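Listed here are the chains, written in short residue letters.
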Amino acid sequence: MNLNPRYTIVVDRASDWKWEIDGLRILEADEYLTHWSRPKKRPIRIINLCRRYSYLSGGYYCSLLAEARNDLPMPTVADILDLSRRSLYAFALPELNQRMNNTFQRLAEPPESDFTLYIFFGQASDSRFHRLANEIFDIFRYPLIKVRIAVGANRAIKSITPLGLDKVVKDNLATFFEQSIRHYTRLPERRRSSRKHALYDLAILANPGEQLPPSDADALQRFVKAGKALRMDVEIIQARDYHRIPEFDGLFLRETTALDNHTFRFARKAEAEGLPVIDDSKSILRCTNKVYMWERLSNHQLPTPHTIPLNRAVFDEQVITMLEEQLGYPMVLKIPDGCFSRGMFKAANRGQVRDAAASLFANSRLILAQEFMYTAYDWRIGILNGKPLFACKYKASRGHWQIVNHKDDGSVVAGGFQTLAVEDAPEHVVSLATKAAALIGNSLYGVDLKENDRGVFVIEINDNPNVDHGVEDKVLKGELYTEIMREFIRRIDASRL
């Protein structure tokens, strides 16, 4: 038996527990409520499988005291209250009914009479309704849920109620329960006794179909390997795994972030669950908008290219004349939330300014005009928790003015690179990058800078910067991945104090 299990199961009676699953601690509710306590460095994940959760019952108090002890119960008291009456969960029914009906329409042989769908740890007893189960489990974090579904002219969810553990065996659901809890806790059928139990579980969000991901497949596997050496289980997850966030101790975003897609929701959800996240939602918010970034850098007197914000409501020929006088040609126009050199135009005359502005204003009230500052390469300094981690020179794409050339046919061509040890990069470049990153937060950033005979200028600060095998890791090699994993461990440990 594992002496330090990640999950503690609380049951009303020891006889309710019928399974042999190594890696779980089983406690009776009375022991947990009145006698059980121990010093701990990390919150304990409590799976509350009491028979009843009604107000002031044993199940209610198990979750209440778990929260008072800074443990992580499932369900929480808020969850218990949400499912205590239909009127309290009715808000979720329209969307859930829509999901259910969408599923029915896709089935070749849909159920023809009323039925019960059991949802154990987000798994559906009828796998055809797994998406509905995921959505219900994401809203109501109960380990065991029973959903009554009416079929007929008024097809709809009739009720969503918690299920007591004592009903599992009685309803012939013992095998489904064991499969579900093993899947949720990631406990295999048998654990090799020679292997040390992982102390941490980290999720890495990635999209295998992304054209320009922050980390390539080889880099992702090196993160997994580095975590394993530090007794950390690292799992690559995708957008469909949103409901699984509470299973982990931390979240690492390795998919291009944006405020209007699932990456930002993942960060917010993980933070709400008390998980350390790199990069956190505040960093995403600050880094993805260049208007914010320019204001932030300018207010702290950090050097940037001459930049002028433009407002669609007052953009006219007089404004273009002002741009010509202050910036000259060529100049760069950019949308605030562009990434990977997208949403940027180089304008060489008044007509091109008009065309670029019209294109950008179609998607944003504010855009930026900036002096054109050509250099053969850009500096990228990787900063983690306020400390320089790596230094790269990204060279301009051949025959193009940007690092990445997005061609009309959809292909991309990136320039070359040179990776240096941080101590070999110019001290004034590294120092400016460190100051710029500090204005955003203490996460993982890639600070882009240009250097010419006028000095060094901050171009932008990127959340979730590239960490690709053979590029950013060319100097530190495996130590780069290990250092990032160590930072997660430090943050996870700090969250458990």
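Before reading on, note that the structure itself is shown above.
Residues numbered from 1 in each chain as written. Predicted model: local features only at pLDDT ≥ 70, side-chain atom pairs only at ≥ 80, totals over all residues. Heavy atoms only, no water.

Asker: Break down the overall build of the protein chain for me, citing the residues and quoting the values.
Answerer: If you tally the helices and strands in the protein chain, you get 16 helices and 23 strands. Buried residues in the protein chain amount to 52% of all 497 residues. Across the protein chain, contacts joining residues at least 24 apart in sequence account for 66% of those joining residues at least 6 apart. Only carbon and sulfur atoms are counted for the fraction: they give 49% of the accessible area of the protein chain, which is about 23,600 Å². (Helix = DSSP H or I, 4+ residues; strand = E, 2+ residues; numbered from the N terminus. Buried < 20%, exposed > 50% of the residue type's maximum accessible area, 1.4 Å probe, protein only. Contact = heavy atoms within 4.5 Å. Areas by Shrake-Rupley, 256 points an atom, 1.4 Å probe, with all protein chains shown as cover.)

Asker: I'd like a description of the pattern of salt bridges, backed by residues and values.
Answerer: Under the definition given, this model contains 22 salt bridges. Residues Asp-138 and Lys-269 are paired through a salt bridge, measuring 3.8 Å at the closest nitrogen-oxygen approach. Residue Asp-138 is located in helix α6 (residues 130-139), and its partner Lys-269 is located in helix α10 (residues 262-272); the two are separated by 131 residues in the primary sequence. Note that Glu-317 is salt-bridged to Arg-354, the shortest N-O span being 2.8 Å. In this pair, Glu-317 sits in helix α13 (residues 317-326) while Arg-354 sits in helix α14 (residues 350-361), placing the two residues 37 residues apart along the sequence. In this structure, a network of salt bridges that share partners links the residues Glu-235, Asp-241, Arg-244 and Glu-247. (Salt bridge = Lys/Arg side-chain N within 4 Å of Asp/Glu carboxyl O.)

Asker: Lay out the sheet that holds strand β11 (residues 250-253) with the relevant residues and their values.
Answerer: Whenever strands of a sheet pair, they do so through backbone hydrogen bonds, lying parallel or antiparallel. Taken together, the 4 strands give an open sheet; going across it, the order is β10-β9-β11-β12, and neighbouring strands pair in parallel fashion. Edge positions in the sheet fall to β10 (232-237) and β12 (277-278), since each has one partner strand and no second. Sheet topology places strand β9 (residues 200-205) next to β10; 6 bridges connect them, and they run parallel. Note on β10: the bridge partner recorded for Leu-205 is Ile-237. (Pairing = 2+ DSSP bridges.)

Asker: Explain the packing of aromatic side chains residue by residue, including any values.
Answerer: For the coordinates displayed, the defined rule picks out 25 aromatic pairs. Between Tyr-242 and Phe-266, the ring centres sit 5.3 Å apart and the planes meet at 75 degrees, which makes this aromatic pair edge-to-face. Residue Tyr-242 is found in the loop between β10 and β11, and its partner Phe-266 is found in helix α10; the two are separated by 24 residues along the sequence. Residue classification places Tyr-242 among the partly exposed residues on the basis of a relative accessible area of 25%. An aromatic cluster is built from Tyr-7, Trp-17, Trp-19, Tyr-118, Phe-120, Phe-121, Phe-137, Phe-176, Phe-177 and Tyr-184, whose rings are joined through pairwise contacts. The aromatic ring of Phe-104 is capped on one face by Arg-155, whose charged end is 4.3 Å from the ring centroid. (Phe/Tyr/Trp six-rings, centres within 6.5 Å; stacked < 30°, edge-to-face > 60°. Lys NZ or Arg CZ within 6 Å of the ring centre and 35° of its normal.)

Asker: Describe the environment of Phe-121, with residues and values.
Answerer: Checked against the element boundaries, Phe-121 lands in the loop between β5 (115-120) and β6 (123-124). Look at Phe-121 and you get buried, because its relative accessible area is 2%. Setting aside residues no more than four positions away along its own chain, Phe-121 makes contact with Ile-47, Met-74, Phe-137, Pro-143, Leu-144, Phe-177, Ser-180, Ile-181 and Tyr-184.

Asker: Give a detailed account of α13, specifying residues and quantitative values.
Answerer: Along α13, the residues classified as buried are Val-319, Ile-320 and Leu-323. Mapping the buried residues of α13 onto a view down its axis gives an arc of 100 degrees, with all of them on the same face. Seen from the open side of α13, the exposed residues pointing more than 90 degrees away from its buried face are Gln-318 and Glu-325. For α13, the capping residue at the N-terminal end is Asp-316, with a side-chain oxygen 3.1 Å from the backbone nitrogen of Gln-318. (Arc of directions from axis to C-beta. Polar contact = N/O pair within 3.5 Å; in protein donor to acceptor, adjacent residues only side chain to side chain.)

Asker: Lay out the packing of α13 against α14 in plain terms, naming residues and giving numbers.
Answerer: The geometry of α13 relative to α14 is characterised by a closest axis approach of 11 Å and an angle of 120 degrees between their N-to-C directions. By the angle between their axes, α13 is oblique relative to α14. Here α13 runs over α14; the crossing is right-handed. Two secondary-structure elements touch here, α13 through Glu-317, Ile-320, Thr-321 and Glu-324 and α14 through Arg-350, Val-353 and Arg-354. Its residues assigned to classes, the contact of α13 with α14 comprises 2 nonpolar, 1 polar and 4 charged. (Axes fitted to C-alpha atoms, helices over the stretch in contact; angles between N-to-C directions. Parallel < 35°, antiparallel > 145°, perpendicular 65-115°, else oblique. Left-handed = near helix turned anticlockwise from the far one by under 90°. Nonpolar A, V, L, I, M, F, W, Y, C, P; charged D, E, K, R; others polar.)

Asker: Please provide a residue-by-residue account of the side chain of Asp-279, values included.
Answerer: Counting through the fold element by element, Asp-279 comes out in the loop between β12 and α11 (281-287). Among buried Asp, Glu, Lys and Arg side chains, Asp-279 stands out as unpaired, with Arg-254 the closest opposite charge at 5.8 Å. Within polar-contact distance, the side chain of Asp-279 engages the backbone nitrogen of Leu-444 at 2.9 Å. There is a polar contact of 2.5 Å between the side chain of Asp-279 and the backbone nitrogen of Asn-464. (Lys, Arg positive; Asp, Glu negative; His and termini not counted.)

Asker: Break down the pairing of strand β23 (residues 455-463) for me, with residues and values.
Answerer: Of all the 9 residues making up β23, 8 are buried; the element is thus mostly covered by neighbouring parts of the structure. Taking the residues between adjacent antiparallel strands as the criterion, strand β22 (residues 444-452) and β23 are bridged by 2 residues.

Asker: Talk me through unusual backbone geometry; I want residue IDs and the actual numbers.
Answerer: For the bond running from Met-74 to Pro-75, omega is 0 degrees, close enough to zero to count as cis. Counting through the fold element by element, Pro-75 comes out in the loop between β4 (72-74) and α3 (77-82). In this structure, the amide linkage connecting Tyr-329 to the following residue, Pro-330, adopts the cis form with an omega of -5 degrees. Here Pro-330 is to be found in the loop between α13 and β14 (331-334). One non-glycine residue with positive phi stands out, namely Phe-121, at about 55 degrees. Within the chain, Asn-385 stands out as a residue other than glycine whose phi angle is a positive 50 degrees. Among the secondary structure elements, Asn-385 is positioned in the loop between β17 (377-384) and β18 (387-395).

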